[in-house]
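Chain by chain, the residues run as shown.
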Amino acid sequence: MSMNVATSNDQARLLPLVVVLIALALWWTLSALHVFPESLFPSPVSVAKGFVEEFQTGRLLNDLIASLFRVITGFTLAVALGIPLGLWLGHRTSARTALLPAINFFRNLSPLAWIPFAILWFGIGDVPAIFLIFMASFFPVVLATIAAVASIPSVYFRVAQNYGYRSTELLTQVTLPAIAPQVITALRVTAGLAWVVVVAAEMIAGRDGLGFAVWDARNGLRMDLLAVGMIVIGIIGVVIDRLLVQLMKIQSVRWGYEQ
Amino acid sequence: MNSKPLILESVARSFGAVEVFRDLSLEVARGEFVAVVGPSGCGKTTLLNLLSDFDTPTSGQVICHGSVRMVYQHGGLFPWLTVSENITMGLRHLTDEAERARQLREMLRLIRLEGFAGHYPRQLSGGMRQRVELARALAGETDILLLDEPFSALDYLTRLRMRRDLAHLLHERPCTVVLVTHDIEEAAQLADRVIVFSERPAQIRCELHLRAPRPRDLTHPEVVEATHRILSELGLEHDSESAFAVI
């Protein structure tokens, strides 16, 4: 029995790889049969060549670093300001009543709608992209933190009072650990959103970055480089998500995902 | 030292039009184990809230000498802390690291969970979790232990075992206890005094004193007799001939 389970587990792990290989084979077949013209549908071989070219000139790495820098800066700012604001609003009913509609408004306003203002205010480069990522991440983080604080069972605070926890201890030893699982889930979703937004921001307000690379490839009619950019964007998005998933495996947080 | 750590003096508590207590007076002696039973909604939880200072009476006075800790029906442990870390919460007042470690080991031994020190609450059974909660509450210097239906979420056999464990823990770590429960047998098995509340506004319908040493068997004559009397008071048994009738 256990042998069977082990084998099926191994097989399950190979399945995603099989899907990738099938997709590649399909892609290769379609381009080898010239179903679509090469100018509209680059072959896997030309994309691989394009990847090597972009990598060797250093442009790919440069664009990758530019995009990651913007996402990390904008996202970190949003988290560093959003969690404290969410904590404060979570505990203050009147402030929450006052601010929640405004936060919901901005939460539901596509960050891409800010692009024109971002360019007018900040020009082209890092700052408008960071601004847009901030606008995309800040409001969801605030809302998730408010919701997490509101759902802390009151029994935890009663227990804390029994055991003599004071104000700062209440924050660091009750509130923060109690909201951690929900906030981490929100960070995962929001980081994905930030990564989507950086690509869009760089297409319009960038001179480098993976979004700009995609746009530039399209303008130069280099469909191979366009595909390279898309593949890298997708892979990095997955990597960011996998990294944040590691946070969910922290022992003192896992209770939030297993109940 | 005060010989009456808990005193209620003609306490009244209303929530809007709902009058939970009108004129309730009650004293609990040091080291006494008092169990409160009564129809549901009669104000047992309100009583604990008043005793633990989470609620204040509309009129009258609640006097409470000493440190109070409450054990809840379920979910009172911090799920982000391990068994040891949860119990150590009860030892926060100790500044000596070695003494704290020694007392932690002692509590783990008393609740027979030495092998589970590094486990998280989610990895334990319901009975184990309640044992950890009791250990946390009794660790260190607790004067008054308030129990809010601490075993009601457990299955019947575990509940029986927990009564034995609680009696054993209190033998090692004596303190004043107020137990609120729906479980009449539990009250009869554990308490020195059982207080039966009436319907709202709750009055003390009767008080029973039990003198048999703990742990008491469920079939101990005094327990059986007390169970019968409580059930009669609550109108759930009719006459003394049916003392051994099963409900």
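These numbers come from a predicted model, not from an experiment.

(A) Seen up close, the environment of B:Asn49. Here B:Asn49 is to be found in helix α1 (residues 44–51). The spatial distance from the C-alpha of B:Asn49 to the C-alpha of B:Asp148 is 9.8 Å, given a sequence separation of 99 residues.

(B) Seen up close, the nonpolar core. B:Phe78, B:Ile87, B:Leu145 and B:Phe197 are the most contacted members of the largest nonpolar core, which has 142 residues in total. The element contributing the most residues to this core is helix α6 (residues 126–150) of chain A, with 15 residues. Among residues more than four places away in sequence, those in contact with B:Leu145 are B:Arg69, B:Val71, B:Ala137, B:Leu138, B:Leu170, B:Cys175, B:Thr176, B:Val177 and B:Val178.

(C) Molecular detail of the side chain of A:Ser43. Secondary-structure assignment places A:Ser43 in the loop between α1 (2–32) and α2 (44–57). The residues contacting A:Ser43, other than those within four sequence positions of it, are A:Trp27, A:Ser31 and A:Glu38.

(D) View of the domain arrangement of chain A. Residue and element names in this part refer to chain A. The domains assigned to chain A are domain 1 (1–35) and domain 2 (39–257). Each partner contributes residues to the interface: domain 1 has four residues there, and domain 2 has six residues. Of the roughly 470 Å² buried at the junction of domain 1 and domain 2 (both faces included), carbon and sulfur atoms supply 86%. Looking only at domain 1, the three residues that lose the most surface to domain 2 are Trp-27, Trp-28 and Ser-31, adding up to 87% of its buried area. Joining domain 1 to domain 2, the criterion identifies zero salt bridges.

(E) Representation of the side chain of B:Gln130 in the model. Residue and element names in this part refer to chain B. Residue placement: Gln-130 occurs in helix α4 (residues 126–138). Taking the relative accessible area as the measure of exposure, Gln-130 reaches 4% and is therefore buried. Separated by 3.2 Å, the side chain of Gln-130 and the backbone oxygen of Gln-73 make a polar contact. Other than its neighbours up to four places away in sequence, Gln-130 contacts Val-71, Tyr-72, Gln-73, His-74, Pro-150, Leu-154 and Met-162.

(F) Broad picture of the confidence of the model for chain B. Mean pLDDT over chain B: 88, with 95% of residues reaching 70 or higher. Here residues 241–247 of chain B is modelled with pLDDT under 50, and outside its nearest four sequence neighbours on either side it reaches ten contacts, counting other chains as well.

Definitions and limits used
- Residues numbered from 1 in each chain as written.
- Chains lettered and ligands numbered in written order.
- Predicted model: local features only at pLDDT ≥ 70, side-chain atom pairs only at ≥ 80, totals over all residues.
- Heavy atoms only, no water.
- Helix = DSSP H or I, 4+ residues; strand = E, 2+ residues; numbered from the N terminus.
- Core = buried A, V, L, I, M, F, W, Y, C linked by side-chain atoms within 4.5 Å.
- Buried < 20%, exposed > 50% of the residue type's maximum accessible area, 1.4 Å probe, protein only.
- Contact = heavy atoms within 4.5 Å.
- Domains from an automatic or database assignment.
- Buried area = accessible area lost by both parts, 1.4 Å probe.
- Salt bridge = Lys/Arg side-chain N within 4 Å of Asp/Glu carboxyl O.
- Polar contact = N/O pair within 3.5 Å; in protein donor to acceptor, adjacent residues only side chain to side chain.
- pLDDT = per-residue confidence, 0-100.

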